[in-house]
Amino acid sequence: MLTRKQYELLMFIHQRMKETGIPPSFEEMKEALGLRSKSGIHRLITALEERGFIRRLPHRARALEVIRLPETMAPRIGGRRTFAPEVIEGSLGRAAPEPREEDGTDAPRAVVVPVMGRIAAGVPIEAIQDHTHDVTVPPELLGSGEHYALEVRGDSMIEAGILDGDTVIIRRTDTAHNGDIVVALVDDEEATLKRLRRKGASIALEAANPAYETRIFGPDRVKIQGRLVGLLRRY
């Protein structure tokens, strides 16, 4: 799935090429999306190319080709498209089949949780919303509500016991308490795993590694997408 800005840029390029046969310039893309600099456009184009939606043609100026359009669109909240790690149908509460014990009693049933891509425990990366695979989770690790999993990339949460390569189990929620470790979406574009701190009217995303600075945002720039409830690790 695409972030809101990625989707808007893809559709702008597609519509312009339908109308004129020529891709828009970086300046036109920047103005259309209301971005402050062309570096944001470079980042969005790279993300679209990596996801297989567009292709850059070498040795040609303004040479972009739209390969495909998204089959489904991200959900709308308040009229704006936003990242929301959706739980795939049947993923929550779907018990994985378990053999019966030899004495005839039922074995504890595990729960299948969808892994929805990667999350940054470091410098925020673009939100990813791809159902890559499933993990089987002991039911006692989960509480009520919907859950999804994310693969951790980065080392900013190592002092909280979260390492690069871990899989975190997230309860889907848009609220959290001070001190909770959350999936935070910044500016509807970048997702990161950090400890939440509220400081007056501001929101601080706090790392658990002294090498990383605490980042502070206005309340309208951060959306809570879930709260950490568990962790899986392979040795």
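Not measured: the values here are computed from a predicted model. (Residues numbered from 1 in each chain as written. Predicted model: local features only at pLDDT ≥ 70, side-chain atom pairs only at ≥ 80, totals over all residues. Heavy atoms only, no water.)

1. Some details on the overall build of the chain
Under the convention used in this document: Numbering goes from the N terminus for both helices and strands, where a helix is a DSSP run of H or I of at least four residues and a strand is a run of E of at least two. Pairs of residues are marked as contacts when any of their non-hydrogen atoms sit within 4.5 Å.
Within the chain, the secondary structure is distributed over 3 helices and 14 strands. In the chain, 58% of the contacts between residues at least 6 apart in sequence involve partners at least 24 apart.

2. Thoughts on helix H3 (residues 38–50)
Here is the rule we go by: Given the number of residues in a helix, its expected span is that number minus one, multiplied by 1.5 Å. Under the scheme applied here, a residue whose accessible area is under 20% of the maximum for its type counts as buried, over 50% as exposed, and between as partly exposed, the area being computed with a 1.4 Å probe on protein chains only. Arc definition: it is the arc formed by the directions from the helix axis to the C-beta atoms.
In this model, H3 (13 residues) spans 18 Å end to end at C-alpha, consistent with the 18 Å of a helix rising 1.5 Å per residue. Taken as a whole, H3 has its buried residues at Gly40, Ile41, Leu44, Ile45, Ala47 and Leu48. One side of H3 carries all its buried residues, which in axial view fall inside an arc of 160 degrees. H3 presents Ser39 and Glu50 as exposed residues on the side facing more than 90 degrees away from its buried surface.

3. Notes on the pattern of salt bridges
The cut-off we apply is this: Salt-bridge detection follows one rule: a side-chain nitrogen of Lys or Arg within 4 Å of a carboxyl oxygen of Asp or Glu.
If you walk through the whole model with that rule in mind, you get 13 salt bridges. A salt bridge links lysine 38 to glutamate 27; the shortest N-O distance between them is 3.8 Å. Residue lysine 38 is located in helix H3, and its partner glutamate 27 is located in helix H2 (residues 26–33); the two are separated by 11 residues in the primary sequence. A relative accessible area of 40% means that lysine 38 is categorised as partly exposed. Where salt bridges share partners, they join Glu27, Lys30 and Lys38 into one cluster.

4. Focus on helix H1 (residues 4–20)
Over its 17 residues, H1 extends 24 Å from the first C-alpha to the last, a length consistent with the 24 Å expected when each residue adds 1.5 Å. If you check which residues of H1 are buried, you get Arg4, Lys5, Gln6, Tyr7, Leu9, Leu10 and Ile13.

5. Notes on the nonpolar core
So the rule is basically this: Among buried residues, those of type Ala, Val, Leu, Ile, Met, Phe, Trp, Tyr and Cys that are joined through side-chain atoms within 4.5 Å constitute a nonpolar core.
Ile119, Leu150, Val168 and Leu193 are the most contacted members of the largest nonpolar core, which has 16 residues in total. Residue assignment for this core shows that the elements contributing at least two residues are strand E5 (111–120), strand E8 (147–153), strand E9 (167–171), strand E10 (181–186) and strand E11 (190–199). In this structure leucine 193 touches Ile119, Ala120, Ala121, Val152, Ser156, Met157, Ile162, Val168, Ile170, Ile181, Val182 and Val183, once residues within four positions along its chain are discounted.

6. A word on the confidence of the model for the chain
The predicted coordinates of low-pLDDT regions are not to be read in fine detail. Cut-off, in case you're wondering: A score between 0 and 100, pLDDT records how confident the predictor is in each residue.
In this model, the chain carries a mean pLDDT of 77, and residues with pLDDT of at least 70 account for 76%. For residues 72–107, every residue scores under 50 in pLDDT, and the model assigns this stretch 73 contacts once sequence neighbours within four places are set aside.

7. Some remarks on the pairing of strand E14 (residues 222–232)
What counts, and what does not: Strand pairing follows a simple DSSP-based rule, namely that at least 2 bridges must link the two strands.
Relative to E14, E9 is paired through 5 bridges, and the arrangement is antiparallel. Across the sheet, isoleucine 169 pairs through a bridge with glycine 230, a residue of E14. Pairing of E10 with E14 involves 5 bridges; the strand directions are antiparallel. In the sheet register, valine 182 faces E14, and the bridge partner there is arginine 227.

8. A few points about the pairing of E5
Most of E5 sits inside the fold, with 9 of its 10 residues counted as buried. Sheet topology note: the E5/E8 ladder contains 4 bridges and is parallel. Paired with alanine 120 across the bridge in E8 is arginine 153.

9. Here's the deal with the environment of alanine 32
Along the polypeptide, alanine 32 turns up in helix H2. When its relative accessible area of 44% is taken as the criterion, alanine 32 is described as partly exposed. Spatially, the C-alpha atom of alanine 32 lies 7.8 Å from that of phenylalanine 12, the residues being 20 residues apart in sequence.

10. Digging into the environment of lysine 223
By the element assignment, lysine 223 lies in strand E14. Under the relative-accessibility criterion, lysine 223 is labelled partly exposed at 28%. Between the C-alpha atom of lysine 223 and that of aspartate 174, which follows or precedes it by 49 residues, the distance is 7.0 Å.

11. Brief notes about the packing of aromatic side chains
Counted only if it meets this: Between the rings of Phe, Tyr and Trp (Trp by its six-membered ring), a pair exists once the centres lie within 6.5 Å; its type follows the angle of the planes, with under 30 degrees stacked, over 60 edge-to-face, and the other angles tilted. Criterion for a charge above a ring: Arg CZ or Lys NZ at most 6 Å from the ring centre, at most 35 degrees from the ring normal.
Taken as a whole and assessed by the stated rule, the structure comprises 0 aromatic pairs. Taking the ring centre of phenylalanine 53 as reference, the NZ or CZ of arginine 68 above it sits at 4.0 Å.

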